[in-house]
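Secondary and tertiary structure notes
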Amino acid sequence: MVYKRPRKSARGTIEEEKYVEACRRVIGGEKNRSVARDLGMCHMTLARYVKKYKETETVNTGYKPYNKVFTEEREKELVSYCTSASKLYFGLTTKDLRKLAYEFAKHLKLNFPSKWEESQMASIDWYKAFMQRNPILSVRRPQATSLARAMNFNKPNVEKFYRNLAELLDRWKFRPENMYNIDETGVTTSQKPHKVLAEKGTKQVGAITSQERGTLVTVCLAVNAIGNAVPPFFVFPRKNFHQHFLRNGPTGCSGSANKSGWMQEEDFLLFMQHFKKFAKPNEYNRVLVVMDNHSSHISLPVINFCRENFIAILSFPPHTSHKLQPLDRSVFGPFKTKFNIAADHWMRNHPGERMTIYDLPELVKSALLAAATASNIIAGFQCTGIYPFNDHIFEESDFAPASITDMPYESSNEPQAGCSKDASVSNIQVTEYSSQDREIPLHKTPPTSPTTRQSLEDIKPLPKAQYKKKSKIGRAKGKTAIYTDTPEKEALEEEKKRRDVKKIPKLPNHLTTKRRRQEKKSVDYDYSGDSSEEETTICLVCCKPYSKSKEDWLQCTDCRKWAHSSCANNDPYFICLNCLSE
């Protein structure tokens, strides 16, 4: 274990500049003792430094460790590598740092303890001393961030969002009381218990929750840039909504219901009608709403309702709400904490009872009063640069995680995550690909010569994803857009028409070639002139012949006889009543 020797005097703590000044004064003719008394140093030490200064004109003060593995400059490289890796969301653990220190020392051919060679890493004593010498570093628990969020929060996406926001602000001159952020969160009947007092050394401390897995209720909230909030909107996991669901809830709140309890298109349209009552938009008092581009938020009925009621909708880029959304930045975090505390109090006040979804509005009311305060809401708009408008609120280090997945721009498609048409928007090196699939780097790094100084990135390069061609399979990626503008509305209408086109379903394997042949025939097939055996087949249920119907037929899995698809209840594993009776 490294022993840190306690200092008993102030010797060795005076800067070199003071000793140089003192040496020059003594050489200039002043007395040794008087100079030492003026500068607060030992006269014997000063005399020794004066003798060395006359010979070399330099002064080296302080204690120099004789067994230190890395110099101060090399340790600064280790510190810089650790901070760079953490900004990329690939931070080093303590073992990673110890292994890196061993590899670095071995690469530089430095002298290090033999124990390092045995364990293939630096000792724990070196690690503790290194952390003491570099207090800028600390062990932190990282927040889990999905790959989609890391790669989509990049400079081109964020710049496009602020360009759209600036365009809307210049067009309609929105006042801060008319700039709203809308988002939803979930609350459940099974809370996360708060910390409690217990006996020290106890291995397990329990707390009562209502259920193992609670039932979710969605809470939708809207806040504006001056700190006001619209009463919340609840979505309950029930088939029909009743007003008594909201007992003891926040004043003015409303709600709806569906089978899942998640926000759907119909529920969000009801919320926008609820929102209109409190925001009161009109032709002379237009309202701006910024929100994510979830499918329930940008449906055509919602867009048409907003256009008719003077509400402009601007969406965030996909997977960037953790940085750009005011509610996520300053409201929902405190809200979840206060809600869990309120749920704990409810469980203590109702021992032996289970919390139901009808008790949640009362808990949400107390949590919102403590979390959705004016100061928290205003801080959320400020830290995202929405109001006051600041499109340079994020620094280059905030976009560092996206540099790992940077991809070359393809001119035939939209810019991919981390890329832009203009290479000047990013300080990351961009690579073009020729028609022969040959890499041509735009910024070439000169080859390292034998005399080039070796760095840590030569030993352990920072993470970088490989280039992959864009896949054509899957749904189209979202984007930041002003969805109440006519071009975006027309694009949504075209997309809806395309999805509404009826597609021929894939036939199950057990269907006979009869149906397959029918599907392959042209649309103008004349069913009246064919008198084959297939045309005279009779349905088991309604007794009508095959020639009288153009709909699908299904075969009984037991007797292999036929029936209309509607008569068989569209069941691909249909069994007729005759076989069931047997």
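Report follows, based on the coordinates. (Residues numbered from 1 in each chain as written. Predicted model: local features only at pLDDT ≥ 70, side-chain atom pairs only at ≥ 80, totals over all residues. Heavy atoms only, no water.)

1. Structural notes on the overall build of the chain
The helix and strand tally for the chain stands at 20 helices and 10 strands. A burial count over the chain gives 39% of its 582 residues as buried. Restricting the contact set of the chain to residue pairs at least 6 apart, pairs at least 24 apart contribute 64%. For the chain, the computed accessible surface area is about 36,900 Å², with 50% contributed by carbon and sulfur atoms. (Helix = DSSP H or I, 4+ residues; strand = E, 2+ residues; numbered from the N terminus. Buried < 20%, exposed > 50% of the residue type's maximum accessible area, 1.4 Å probe, protein only. Contact = heavy atoms within 4.5 Å. Areas by Shrake-Rupley, 256 points an atom, 1.4 Å probe, with all protein chains shown as cover.)

2. Comments concerning the pairing of strand E1 (residues 179-188)
E1 sits mainly inside the fold: 8 of its 10 residues count as buried. Relative to strand E5 (residues 287-291), E1 runs parallel, the two being bridged by 3 bridges. Pairing of Tyr180 across the sheet is with Val289, part of E5. Relative to strand E2 (residues 216-224), E1 runs antiparallel, the two sharing 9 bridges. Across the sheet, the residue bridging to Tyr180 is Asn224, located in E2. (Pairing = 2+ DSSP bridges.)

3. Observations concerning empty space enclosed by the protein
According to the stated counting rule, one finds 2 cavities of 30 Å³ or more in the structure shown. Every residue lining the second largest cavity is listed: Tyr89, Thr145, Arg149, Ala150, Phe153, His322, Lys323, Asp398 and Pro401. Looking at the lining of the second largest cavity, the elements that each hand over two or more residues are helix H8 (147-152) and helix H12 (321-324). Within the lining of the second largest cavity, the residues separate by chemical class into 4 nonpolar, 2 polar and 3 charged. (1 Å grid on protein atoms, 1.4 Å probe; cavity = no way out; pocket = protein on both sides within 12 Å on 5 of 7 lines; lining within 4 Å. Points joined across faces, edges and corners; volume = space filled by probe spheres on them. Nonpolar A, V, L, I, M, F, W, Y, C, P; charged D, E, K, R; others polar.)

4. A word on the packing of helix H4 (residues 72-87) against helix H5 (residues 94-107)
One can describe the packing of H4 onto H5 by two numbers: an axis separation of 12 Å at closest approach and a directional angle of 140°. The orientation of H4 relative to H5 falls into the category oblique. In the packing of H4 onto H5, the handedness of the crossing is right-handed. Contacts between H4 and H5 pair Arg74, Glu77, Leu78, Tyr81 and Cys82 from the former with Leu97, Leu100 and Phe104 from the latter. Of the residues in the contact of H4 with H5, the class split is 6 nonpolar, no polar and 2 charged. (Axes fitted to C-alpha atoms, helices over the stretch in contact; angles between N-to-C directions. Parallel < 35°, antiparallel > 145°, perpendicular 65-115°, else oblique. Left-handed = near helix turned anticlockwise from the far one by under 90°.)

5. Observations concerning the packing of aromatic side chains
All told, the structure shown has 22 aromatic pairs when counted by the stated rule. Taken together, a centroid distance of 4.6 Å and an interplanar angle of 45° make the contact between Tyr19 and Tyr49 tilted. One end of the pair, Tyr19, is in helix H1 (residues 16-27); the other, Tyr49, is in helix H3 (residues 43-56), and 30 residues separate them in sequence. Judged by relative accessible area, which is 10%, Tyr49 ranks as buried. Pairing Phe268 with Phe271 gives two aromatic rings, centres 5.8 Å apart and planes at 35°, and the pair type is tilted. One end of the pair, Phe268, and the other, Phe271, are both in helix H10 (residues 265-279), 3 residues apart, so they sit about a helical turn from each other. Of the two residues examined, Phe268 and Phe271, each falls in the buried class. Ring-pair connections join several aromatic residues into one group, and the members of that group are Phe70, Tyr102, Phe104, Phe112, Trp116, Trp126 and Phe130. (Phe/Tyr/Trp six-rings, centres within 6.5 Å; stacked < 30°, edge-to-face > 60°.)

6. A short note on the sheet that holds strand E4 (residues 254-258)
Where strands meet in a sheet, backbone hydrogen bonds hold them as pairs that are either parallel or antiparallel. The 6 strands are arranged E4-E3-E2-E1-E5-E6 in an open sheet whose pairing can be described as mixed. Taken across any chain shown, the strands that pair with only one partner, and hence form the sheet edges, are E4 and strand E6 (311-315). Across this sheet, the average inter-strand angle for adjacent strands is 25°, counted without regard to direction. Sheet topology note: the E5/E6 ladder contains 5 bridges and is parallel. By the bridge assignment, Leu288 is partnered in E6 with Ala312. Against the sheet, H10 contacts E1, E2, strand E3 (229-237), E4, E5 and E6, and its axis sits at roughly 160° relative to E3. Together, E1 and E2 form the strand contacts of helix H14 (residues 332-349), whose direction differs from that of E1 by roughly 30°.

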